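These are the residues of each chain, in order.
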Amino acid sequence: MSRFGWNWLGVVPFFAFAALFLMLPTMNIVIGAFQNPEGHFTLANLAGLSSPRIVSSFAISIKISLASAILGCLIGFAIAAAVVMGGLPGWVRGPLMTFSGVASNFAGVPLAFAFIATLGRVGLVTMLLRQWFGINIYAMGFNLLSFWGLTLTYLFFQIPLMILIITPALEGLKREWREAAEVLGASTGQYWRMVALPILFPSLLGTFALLFANSFGAVATAYALTGSSLSIVPIMLFAQIRGDVLQDPHLGYAMAFGMIVITGLANLAYVIMRSRAERWMR
Amino acid sequence: MRKFWSWGAIIIGALYFLLPLIGTLEFSLRMRRGEYSLDAYRSVLADPNFRATFGYSVGMALATIVLGVLIVVPTAYWVRLRLPRLRPVIEFITLLPLVIPAIVVVFGYIRLYNTSSILPLTGTASGTNLLLLCGYATLALPYMYRAVDTGLSTLDVRTLTEAAQSLGAGWVRIIGNLILPNVLGAVMSGAFLSFAIVIGEFTMAALLNRPAFGPYMQLLGANRAYEPAALAVIAFAATWGCMGLMQLISRIAGVRKTAK
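Rules and cut-offs
Residues numbered from 1 in each chain as written. Chains lettered and ligands numbered in written order. Predicted model: local features only at pLDDT ≥ 70, side-chain atom pairs only at ≥ 80, totals over all residues. Helix = DSSP H or I, 4+ residues; strand = E, 2+ residues; numbered from the N terminus. Buried ≥ 20, exposed ≤ 12 C-beta atoms within 10 Å, placed from the backbone. Contact = placed C-beta atoms within 7 Å. UniProt positions renumbered as here; feature names shortened; annotations may be inferred. Nonpolar A, V, L, I, M, F, W, Y, C, P; charged D, E, K, R; others polar. Axes fitted to C-alpha atoms, helices over the stretch in contact; angles between N-to-C directions. Parallel < 35°, antiparallel > 145°, perpendicular 65-115°, else oblique. Left-handed = near helix turned anticlockwise from the far one by under 90°. Expected span 1.5 Å × (residues − 1). Bend = angle between axes of the 7 residues up to and from the residue. pLDDT = per-residue confidence, 0-100.

A. Up close: the overall build of chain B. Tallying secondary structure elements over chain B gives twelve helices and zero strands in all. Mapped in sequence order, the helices and strands of chain B form the string α-α-α-α-α-α-α-α-α-α-α-α. Its C-alpha atoms give chain B principal-axis dimensions of roughly 75 × 65 × 35 Å. Burial status across chain B gives 45% buried among its 260 residues.

Following this line, the structure appears as structure tokens:
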């Protein structure tokens, strides 16, 4: 008892903090999602999520998160692969990683401003395209305050995050594997399809899940960019917390619960895939 | 051929990332009709609300760093020294803020600490400030813990502690005068990341109704044309500064470690 008994006291402050400001508030929302206004257990709130307005907000949120995660993975992978194995000079890597560190943290309100100044109605790129090439992207149906506009904006932090995570994985591909494949007569395409991609697959899928969760929970960028004109889940929840737009507080808790479930599943996928990926990285 | 595609990928990537930055910079200079000027910056810097909210957020960021260090350093140290079995649990908890969206956490705060609860923090301005501070420390927890834990892994915690104890040092002295200076590089990198996160944070501050920089920027963006671009340039420079200092410090710390 004397050896072990008092050691736990040292972690009490941490657990108290985590309980008060992380677990209890979250639990409170989760419990609220299963209660009616009188405090009794009910599944009616979750059933209420099936109203067309909420379903469509989840649908568009998931679509934007999927699109920005897929494109973020593909483009980030292409850039990382170009740097690691594309025969580029070595000095490219340092600045790219530094820039990725900065850009993956440059989210929120200023990012929205940057894209409005660039691709908004009087933004630099919009104007230059019109003056130099006579292309009016807004007349062609482009709108920054839309699905593609938001996806394009989210890519600004999604691609760098992908580069930061996947570059070490690409560097972990051993030269011997490629040489062994070539000795056995494999083409470059066969090497990628049958050796490199299967090894990288858990990393790729895991990072994809992380990017998905990353954009699913983002509020500030979307809010500053679109106001409340595009009703994705975080924006609707924001409006609900501010002014109870759903006219049912417990439906708000159910929505928040839905968000936790989705980001939770995505992160679970990331953790599982990561531990599988690490098997090859010794 | 491979080189051609590689350069292609890099150049397209660079275009995508540089154009918004150039576009923002150009837009921020356009306030005066027909010529480039710094009017937008002048207008932003002269706005008393800018100074007030920026000052508030800087203060919040510094307080977040102090609170984060106070929570994380003793915990990470103690777990390594005495409770290694708890490490996975602590690590899991520190990852939770990445899983639970900030908007849900702050929703919980509003419900749990409202004026009719046992702990009515949202009833007063100072109580709400405290709540926001704790929220920020929660957001920074994953980065702070990771940084400090990595820093601690390079030390022989047990031997250092025993040496200090045999010289008669108490716990506060061991953590303050021995452990903290040894993981200072790691703490600093966690601190700069926390600073970058807190300085422009929008969701928590807006929903708790605090006069922070994030909500100010959003409000300005809804009402003005050129000033937001100037703010975005300032914010990007601040993020760049934080990350640059972070890398510099970790490089210096790394050099010192290898030199030993």
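B. The arrangement of the overall build of chain A in detail. Of regular secondary structure, chain A possesses twelve helices and zero strands. Helices and strands appear in chain A in the N-to-C order α-α-α-α-α-α-α-α-α-α-α-α. For chain A, the C-alpha atoms occupy an extent of roughly 75 × 70 × 35 Å along the three principal directions. Considering chain A as a whole, with its 282 residues, one finds that 44% of them fall into the buried category. Contacts spanning at least 24 positions in sequence make up 75% of the contacts within chain A whose residues lie at least 6 apart.

C. Local environment of the UniProt feature "transmembrane region" (unreviewed entry) in chain B. Feature annotation in UniProt places "transmembrane region" (unreviewed entry) on residues 7–29, 54–77, 89–110, 183–208 and 228–250 of chain B, given in this structure's numbering. Between the C-alpha atoms that bound residues 183–208 of chain B the distance is 34 Å, and the span itself is 81% helix and 0% strand.

D. Geometry of the environment of Ala139(A). All names here are of chain A. Among the structural elements, Ala139 can be located in the loop between helix H6 (124–133) and helix H7 (147–171). The exposed category is assigned to Ala139, around which 8 C-beta atoms lie within 10 Å. C-alpha separation for the pair Ala139 and Ala103, spaced 36 residues apart in sequence, amounts to 30 Å.

E. Just the interface of chain B and chain A, in detail. Across the boundary between the two partners, chain B contributes 63 residues, which contact 58 residues of chain A. Elements that contribute at least two residues to the side of chain B that touches chain A include exactly helix H1 (2–28), helix H3 (48–81), helix H4 (87–99), helix H5 (102–112), helix H6 (125–153), helix H10 (203–207), helix H11 (213–223) and helix H12 (227–259) of chain B. For the side of chain B that touches chain A, the element with the most residues is H1(B), which contributes 16 residues. Residues that form the side of chain B that touches chain A fall into these classes: 43 nonpolar, 15 polar and five charged.

F. Molecular detail of the packing of H3(B) against helix H9 (residues 184–199) of chain B. Residue and element names in this part refer to chain B. H9 packs onto H3 with a crossing angle of 140 degrees between their chain directions and a minimal axis gap of 9 Å. Relative to H9, the element H3 lies oblique. The element H3 and its partner H9 pack so that their crossing is right-handed. Contacts between H3 and H9 involve Ser57, Val58, Met60, Ala61, Thr64, Ile65, Gly68, Val69 and Val73 from the former and Val187, Ala191, Ser194, Phe195, Val198 and Ile199 from the latter. For the contact of H3 with H9, a count of residues per class yields eleven nonpolar, four polar and no charged.

G. The arrangement of the UniProt feature "domain: ABC transmembrane type-1" (unreviewed entry) in chain A in detail. Following the UniProt record, one finds the feature "domain: ABC transmembrane type-1" (unreviewed entry) at residues 58–272 of chain A. From the first C-alpha to the last, residues 58–272 of chain A spans 25 Å; its make-up is 77% helix and 0% strand.

H. Here's a closer look at the UniProt feature "transmembrane region" (unreviewed entry) in chain A. All names here are of chain A. In the numbering adopted here, UniProt assigns the feature "transmembrane region" (unreviewed entry) to residues 6–24, 66–88, 108–129, 141–170, 190–213, 220–241 and 253–273. Span residues 220–241 is 73% helix and 0% strand, its end C-alpha atoms 15 Å apart. Here residues 253–273 runs as 100% helix and 0% strand, with 30 Å between its end C-alpha atoms.

I. Layout of the packing of helix H3 (residues 52–85) of chain A against helix H9 (residues 188–216) of chain A. Residue and element names in this part refer to chain A. For the pair H3 and H9, the least separation of the axes is 8 Å and the interaxial angle reads 135 degrees. Between H3 and H9, the interaxial angle falls into the category oblique. Classified by chirality, the crossing of H9 by H3 is right-handed. Packed against H3, whose contacting residues are Ser61, Ile64, Ser65, Leu66, Ser68, Ala69, Gly72 and Cys73, the element H9 presents Leu204, Thr207, Phe208, Leu211, Phe212, Ser215 and Phe216 at the interface. Its residues assigned to classes, the contact of H3 with H9 comprises nine nonpolar, six polar and no charged.

J. Looking closely at the environment of Ser116(B). All names here are of chain B. Relative to the helices and strands, Ser116 is located in the loop between H5 and H6. Residue Ser116 is classed as exposed on the basis of its C-beta count, with 6 C-beta atoms lying within 10 Å. In the structure, Ser116 is positioned 127 residues away from Met243 in sequence and 42 Å away in space, judged by C-alpha atoms.

K. Focus on H1(B). All names here are of chain B. Given a rise of 1.5 Å per residue, 27 residues ought to cover 39 Å, and the 39 Å separating the end C-alpha atoms of H1 matches this to within 8%. The sharpest bend along H1 comes to roughly 30 degrees, located at Leu18, with the proline Pro20 sitting one to four residues further on. Listed as buried for H1 are Ser6, Ala9, Gly13, Pro20, Gly23, Thr24, Phe27 and Ser28.

L. Region of interest: unusual backbone geometry. Here Asn209(B), not a glycine, exhibits a phi torsion of approximately 60 degrees, which is positive. Positionally, Asn209(B) belongs in the loop between H10 and H11.

M. A look at the environment of Ser215(A). All names here are of chain A. Along the polypeptide, Ser215 turns up in helix H9. Measuring from C-alpha to C-alpha, the distance between Ser215 and Thr151 comes to 9.2 Å, with 64 residues separating the pair along the chain. When residues no more than four places from it in sequence are discounted, the contact partners of Ser215 are Ile64, Ser65, Ser68, Ala69, Tyr154 and Gln158.

N. Summary view of the confidence of the model for chain B. This prediction gives chain B a mean pLDDT of 88; 97% of its residues lie at or above 70. What the predictor reports for the complex is a pTM of 0.87 with an ipTM of 0.87.

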